[in-house]
Amino acid sequence: MAVDVRFANVLTDTLDRRISVRILHPLFVHLHIAFLLMAFVAMYAWLFRGLASSVFEDRIYQFARANTWAGVVTVALSMLAGARDGFAGTVARFAGPIGGWLLVKVTLAFLLLVVYGTFLYWSGKKKRYLQEDRRAMLWCLGTQLVGIVMVATITVIGTMVVYYRDRLPQLPLPF
Ligand code: HEM
């Protein structure tokens, strides 16, 4: 069957709601992992290039800030989609035997917003020449480091929930 006919069928099926939305969360997850990894790499490239050449490039720091903003927005969207999937998805549910792991992810995701919110607060106080404000610089470097460790941790839990469930200890919701 020609591709366009098949696409037309998928479209009409979707419009006729015959294709139910199984999961949404993975649509957003990979976006914020990429943005926040880029922010981390840019922030530390700004530091090491600055230390090596004594020229701290504002444009690299701005790039880190822009990627953090995009990361925070997509984390919020991903949390909404994840919550939707946790209640109505077909892979892992809060009410299921590993619902507690989803709760761990919810908690870590909110903490993630606090950590990157702290970065945006301090970097917002010193939008340029960050190297001149040692305290703001340490907050920015520290939050980017803690943030990326948390992103990696939540990503590992999420991946195990989907692909290594047999290796994950059962953890139902505590309430
Ligand atoms: C409110 C917070 C969150 C909830 C309720 C949640 C829920 C879920 C659920 C139910 C799944 C299973 C697949 C699905 O049904 O979509 C999943 C998978 C996943 N989650 Fe989350 N999640 C949250 C936040 C996050 C965050 C912040 C990250 C990354 C930093 C993340 C990374 C992942 C990954 C990598 C997967 C596997 C996706 C795949 O490749 O299929 N999640 N999550």
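The structure we're discussing is the one just above.
The residue numbers shown here count from 1 along each chain, following its written sequence. Local features in this predicted model are restricted to residues of pLDDT 70 or higher, and side-chain atom pairs are both shown and tallied only at a pLDDT of 80 or more, whereas totals for entire chains, interfaces and linings draw on every residue. Note: side-chain values were computed over all heavy atoms of the structure, leaving out hydrogens and water.

## Some remarks on the packing of aromatic side chains
The rule is short: rings of Phe, Tyr and Trp, with Trp giving its six-membered ring, pair when the centres are within 6.5 Å, and they are stacked under 30 degrees, edge-to-face over 60, tilted in between. Tallied over the full model, the rule gives seven aromatic pairs. Between Trp46 and Tyr61, the aromatic rings sit 6.0 Å apart at their centres with planes inclined by 40°, giving tilted as the arrangement. Remark: Tyr61 occurs in helix H3 (residues 58-88) and Trp46 occurs in helix H2 (residues 26-53); sequence separation between them is 15 residues. The burial state of Trp46 is the same as that of Tyr61; both residues are buried. Ring geometry for Phe87 and Phe94: centres 4.8 Å apart, planes at 45°, overall tilted. Burial classification: accessible surface area is computed with a 1.4 Å probe over protein chains only, and a residue below 20% of its type maximum counts as buried, one above 50% as exposed, and the rest as partly exposed. By relative accessible area, which is 61% here, Phe87 ends up exposed. A connected cluster of aromatic rings, assembled from ring pairs, spans Phe40, Tyr44 and Phe48. Under the DSSP-based scheme used, a helix requires at least four consecutive residues in state H or I and a strand at least two consecutive residues in state E, with every element numbered from the N terminus.

## Examining unusual backbone geometry
The phi dihedral of Ser54 is positive, around 60°, even though this residue is not glycine. Tracing the chain through its elements places Ser54 in the loop between H2 and H3. Assessed through its relative accessible area of 61%, Ser54 is described here as exposed. One non-glycine residue, Tyr129, lies in the positive phi region at around 50°. With respect to the element layout, Tyr129 can be found in the loop between helix H4 (99-125) and helix H5 (134-163).

## With respect to the coordination of the iron atom of the ligand
Angles between donor atoms at a metal ideally measure 109.5 degrees for a four-coordinate tetrahedral arrangement and either 90 or 180 degrees for a six-coordinate octahedral one. Sites may look incomplete because water is not among the atoms; the donors themselves are N, O and S atoms within 2.8 Å of the metal, or within 3.2 Å for Na, K and Ca. At the metal site, the iron atom of the ligand is ligated by His25 (NE2) and Lys105 (NZ), and these contacts range over 1.8 to 2.0 Å. Considering all six donor atoms around the iron atom of the ligand, the spread of angles at the metal, 81 to 179°, places the coordination shape in the octahedral class. Of this pair, His25 sits in the loop between helix H1 (3-15) and H2 while Lys105 sits in helix H4, placing them 80 residues apart in sequence. With relative accessibility at 19%, the residue His25 sits in the buried group. Overall, Lys105 belongs to the buried group, its relative accessible area being 15%. A site with four donors is called tetrahedral when every donor-metal-donor angle falls between 85 and 135 degrees; four donors are called square planar, and six octahedral, when opposite donors sit more than 155 degrees apart and all other angles fall between 65 and 115; any other arrangement is irregular.

## Concerning the nonpolar core
Residues Met43, Trp46, Leu112, Tyr116, Leu130 and Cys140 are the most contacted members of the largest nonpolar core, which totals 29 residues. Per-element tally for this core: the top contributor is H5, with eight residues. By the convention used here, residues are in contact when the closest approach between their heavy atoms is within 4.5 Å. Not counting residues within four places of it along the chain, the set of residues in contact with Tyr116 comprises Leu36, Thr68, Val72, Gln144, Gly147, Ile148 and Val151. One finds Ala92, Phe94, Ile157 and Val161 within the second-largest nonpolar core, a separate group that totals eight residues. Take the buried residues of types Ala, Val, Leu, Ile, Met, Phe, Trp, Tyr and Cys, join any two whose side-chain atoms come within 4.5 Å, and each joined set is a nonpolar core.

## Re the site of the ligand
Around the ligand lies a shell of 25 residues, among which Ile23, His25, Asp85, Lys105 and Tyr163 are the nearest. In the environment of the ligand, a nitrogen atom lies 2.5 Å from a nitrogen or oxygen atom belonging to the side chain of Lys105. A molecule is said to occupy a pocket when more than half its atoms come within 2 Å of that pocket's grid points, and by this definition the ligand occupies the largest pocket. With seven residues, the single largest contributor to the shell around the ligand is H5. Nearness is judged by heavy atoms alone; a residue qualifies as near a molecule or strand once a single heavy atom is within 4 Å of it. N or O atoms within 3.5 Å of each other form a polar contact, as long as, within protein, one can give a hydrogen and the other can take it, and as long as residues adjacent in sequence are counted only when both atoms are side-chain atoms. The rule is simple: put a 1 Å grid over the protein atoms alone, call a set of points where a 1.4 Å probe fits but cannot get out a cavity, call an open set with protein on both sides within 12 Å along at least five of seven lines a pocket, and count a residue as lining if it has an atom within 4 Å of a point. Molecules are considered to sit inside a cavity or pocket once more than half of their atoms lie within 2 Å of its grid points.

## Comments concerning the layout of surface pockets
Remark: the empty space left among the atoms is shown by a probe the size of a water molecule rolled over them. Its volume calculated, the largest pocket comes out at about 780 Å³. Considering the residues around the largest pocket, the lining is formed by 33 residues, among which His25, Val29, Gly82, Lys105 and Gly158 are closest to the centre. Tallied by class, residues from the lining of the largest pocket come to 20 nonpolar, 11 polar and two charged. Grid points are joined across faces, edges and corners, and a volume is the space filled by probe spheres set on the points. Under this grouping Gly is polar, as are all residues other than the nonpolar Ala, Val, Leu, Ile, Met, Phe, Trp, Tyr, Cys and Pro and the charged Asp, Glu, Lys and Arg.

## Digging into the environment of Leu168
Counting through the fold element by element, Leu168 comes out in the segment after H5. Separated by 67 residues in the primary sequence, Leu168 and Trp101 have C-alpha atoms spaced 9.0 Å apart. Residues within four places of Leu168 in sequence aside, it is in contact with Trp101, Met160 and Val161.

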